[in-house]
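In case you want the letters, here they are:
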Amino acid sequence: MAVNRKSIANAVSGSGIRTGQQYLEGLRDDREIWTGGKKIDDVTAEPGMGRGAETLAKFLDKQHSTEFQDSVTYVADDNHRCAMAFKAPKSVEDVKARGVAYYEWAKWSNGMFGRTPDYKNASLMAFASAPDFLSQGTKGPGGAVMAQSMVNFYDYVRTNDKVLTHTLVNPAINHAQAAAGKYSGKVALQVVKETNEGIVVNGARLLATLGPLADEIEVFPSTVLKGSDENIPFAFAFAIPIATPGLKLICRDTYDHGKSNFDAPLSSRYEEMDAVVIFENIFVPWERVFMYGQPELCNQAFNATNAVVHMAHHP
Ligand SMILES: Cc1cc2nc3c(=O)[nH]c(=O)nc-3n(C[C@H](O)[C@H](O)[C@H](O)COP(=O)(O)OP(=O)(O)OC[C@H]3O[C@@H](n4cnc5c(N)ncnc54)[C@H](O)[C@@H]3O)c2cc1C
């Protein structure tokens, strides 16, 4: 399927790699993040969380340094300088260049900040490079539209250097039920309404690593769904901003207890945080929906797009 790169002027709205300061400013929005029973005002200033954001901000600044820029970024066809993990590999050299960039990012944290943005960027690149797979969609606006939406979203994230998290797993209230490939209609995230403009989703998902410190959340196919009609409401892939009204992230306890870099060299720097994600009747417009209503297609998504290969390339 041919995707239309010219129709996405609005999606290519950014100017490529961001600075750490731009990233931190972007986190100071209306996001609803909870920790220890209280709602956080500003994640960048929150004890136990803000220092992780500062670390990631410093990594983003490194994309601009002459020492690292050529190894961790590339100039895309639209002339934006973008993070290397967005580059769709067309040759052995491209694959090697991606590996060099991953290794560089990992070195900055001594391998201790697992969810650097290059991980999710790699998955997004793979999905956006597989329009033929996504165009098999037959529900909602149809596969061709959803495949184009995926490319538009990729271009938006790439050119705005957005930081992504993802949530893939339905909460299991009964392990026998989960083992049988079924999910609880009471707690698991599901589509509760479809309109001409999009879908309304309600329920919970586990477990967004970096969620409180990300810009956008990918809500992609869950662990294998039984290909039956009862699982149709649980089958989808979409993405929304973390600051979407009705989206709540409930954090685990922090490992950063405010100690100095000397006393706590790892937890004072590399607390990336994880959170349970609650969706309260959230409207998702079709332009942010990439797969819909087809459990068996959803089950193939990570393999058929090679997203799983590219995510595993990330150290
Ligand atoms: C580093 C890391 C990062 C991750 N990041 C993400 C991410 O970004 N997005 C995402 O979607 N997923 C992510 N995951 C996966 C996600 O965390 C898990 O899929 C999710 O937590 C599973 O939830 P669960 O409730 O099914 O199981 P668990 O969270 O494992 O909970 C099971 C609980 O049962 C307890 N238990 C086990 N056996 C017994 C027993 N016999 N008796 C009593 N209690 C028992 C365990 O102690 C545990 O507390 C990540 C996982 C890891 C390790």
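Residues numbered from 1 in each chain as written. Predicted model: local features only at pLDDT ≥ 70, side-chain atom pairs only at ≥ 80, totals over all residues.

## Description of the overall build of the protein
No. 1: In terms of helices and strands, the protein carries ten helices and twelve strands.
No. 2: Taken against the 2.2 N^0.38 rule, which gives 20 Å for 315 residues, the C-alpha radius of gyration of the protein at 19 Å falls within 12% of a compact globule.
No. 3: With respect to the principal axes defined by its C-alpha atoms, the protein has extents near 55 × 45 × 30 Å.
No. 4: Here the protein holds 315 residues, and the buried ones make up 46% of them.
No. 5: Sequence separation of 24 or more characterises 75% of the internal contacts of the protein that already satisfy a separation of 6 or more. (Helix = DSSP H or I, 4+ residues; strand = E, 2+ residues; numbered from the N terminus. Rg over C-alpha atoms; globule rule 2.2 N^0.38 Å. Buried ≥ 20, exposed ≤ 12 C-beta atoms within 10 Å, placed from the backbone. Contact = placed C-beta atoms within 7 Å.)

## Some details on the site of the ligand
No. 1: Within the structure, the ligand sits among T165, H166, T167, L168, V169, A172, L206, L207, A208 and T209.
No. 2: Of all elements in the fold, only β5 (164-167) and β7 (198-209) reach the threshold of two or more residues within the shell around the ligand.
No. 3: No other element matches β7, which puts four residues into the shell around the ligand.
No. 4: For the shell around the ligand, the class distribution of residues is six nonpolar, four polar and no charged. (Near = placed C-beta within 6 Å. Nonpolar A, V, L, I, M, F, W, Y, C, P; charged D, E, K, R; others polar.)

## Digging into the pairing of β5
No. 1: Here β5 shows no split at all, with L164 and H166 on one side and T165 and T167 on the other all buried.
No. 2: When β5 meets strand β8 (residues 216-219), the two strands line up parallel, connected through four bridges. By the bridge assignment, L164 is partnered in β8 with E216. (Pairing = 2+ DSSP bridges.)

## Structural notes on the sheet that holds strand β2 (residues 38-39)
No. 1: Read from one edge to the other, the open sheet built from six strands follows the order β2-β1-β10-β11-β7-β6, with strand pairing classed as mixed. Strand pairing shows two members of the sheet lacking a second neighbour, β2 and β6 (190-194), which therefore form its edges.

## Focus: the pairing of strand β9 (residues 236-241)
Within a regular strand, the side chains alternate between the two sheet faces.
No. 1: Counted residue by residue, β9 has five buried out of six residues, so it is predominantly covered.
No. 2: As paired strands, β9 and strand β12 (residues 289-292) are joined by three bridges and run antiparallel to one another. Its bridge partner being in β12, A237 is matched across the sheet by M291.

## A look at the confidence of the model for the protein
If pLDDT is low for a region, its predicted coordinates should not be looked at in detail.
No. 1: On average, residues of the protein score 94 in pLDDT, and 96% of them are at 70 or above.
No. 2: With pLDDT under 50 throughout, residues 6-10 is counted as low confidence; its partners more than four residues away or in other chains account for two contacts. (pLDDT = per-residue confidence, 0-100.)

## Some thoughts on the sheet that holds β8
No. 1: Reading across the sheet, the four strands line up as β5-β8-β9-β12 and stay open at both edges, with mixed pairing between neighbours. In this open sheet, the two edge strands, each paired with only one partner strand, are β5 and β12. Taking each pair of neighbouring strands and ignoring which way they run, the sheet shows an average axis angle of 20°.
No. 2: Bridge count for β8 against β9 is four bridges, and the pairing is antiparallel. Note on β9: the bridge partner recorded for I217 is I240. (Axes fitted to C-alpha atoms, helices over the stretch in contact; angles between N-to-C directions.)

## Some points on helix α9 (residues 295-304)
No. 1: Residues P295, L297, C298, N299 and A301 constitute the buried set of α9.
No. 2: Buried residues belonging to α9 abut β9 and β12.

## A few points about unusual backbone geometry
No. 1: That bond from L206 to L207 is cis: its omega, -15°, falls within 30 degrees of zero.
No. 2: Here N306, not a glycine, exhibits a phi torsion of approximately 65°, which is positive.
No. 3: Here N306 shows up in the loop between α9 and α10 (307-313).
No. 4: Here N306 falls in the partly exposed class, since 19 other C-beta atoms lie within 10 Å of it.

## Side note on the packing of helix α5 (residues 117-128) against helix α7 (residues 143-160)
Think of two packed helices as two axes; the pair is described by the angle between the axes and how far apart they sit.
No. 1: Running from amino to carboxyl end, α5 crosses α7 at an angle of 145°, the nearest separation of the two axes being 9 Å. For the element pair α5 and α7, the recorded crossing hand is left-handed. Residues L124, M125, F127 and A128 of α5 lie in contact with α7, whose contacting residues are M150, V151, Y154 and V157.
No. 2: Here the residues of the contact of α5 with α7 sort into eight nonpolar, no polar and no charged. (Left-handed = near helix turned anticlockwise from the far one by under 90°.)

## Observations regarding the nonpolar core
No. 1: In this structure, M150, F238, V289, F290 and M291 are the most contacted members of the largest nonpolar core, which totals 81 residues.
No. 2: Setting aside residues up to four positions removed in sequence, V289 forms contacts with G140, M146, S149, G198, I199, F236, F238 and V284. (Core = buried A, V, L, I, M, F, W, Y, C linked by C-beta atoms within 7 Å.)

## A look at α7
No. 1: Across its 18 residues, α7 extends 26 Å between first and last C-alpha, which sits within 8% of the 26 Å expected from 1.5 Å per residue.
No. 2: Residue D161 follows α7 closely and has a positive phi angle near 50°. (Expected span 1.5 Å × (residues − 1).)

## Observations concerning the packing of helix α1 (residues 20-27) against helix α2 (residues 50-62)
No. 1: At a minimum axis distance of 7 Å, the contact between α1 and α2 shows a crossing angle of 140°. Compared by their axis directions, α1 and α2 come out oblique. Contacts between α1 and α2 involve G20, Q21, Y23, L24 and L27 from the former and A53, L56, A57, K58, L60 and D61 from the latter.
No. 2: The residue inventory of the contact of α1 with α2, partitioned by class, reads seven nonpolar, two polar and two charged. (Parallel < 35°, antiparallel > 145°, perpendicular 65-115°, else oblique.)

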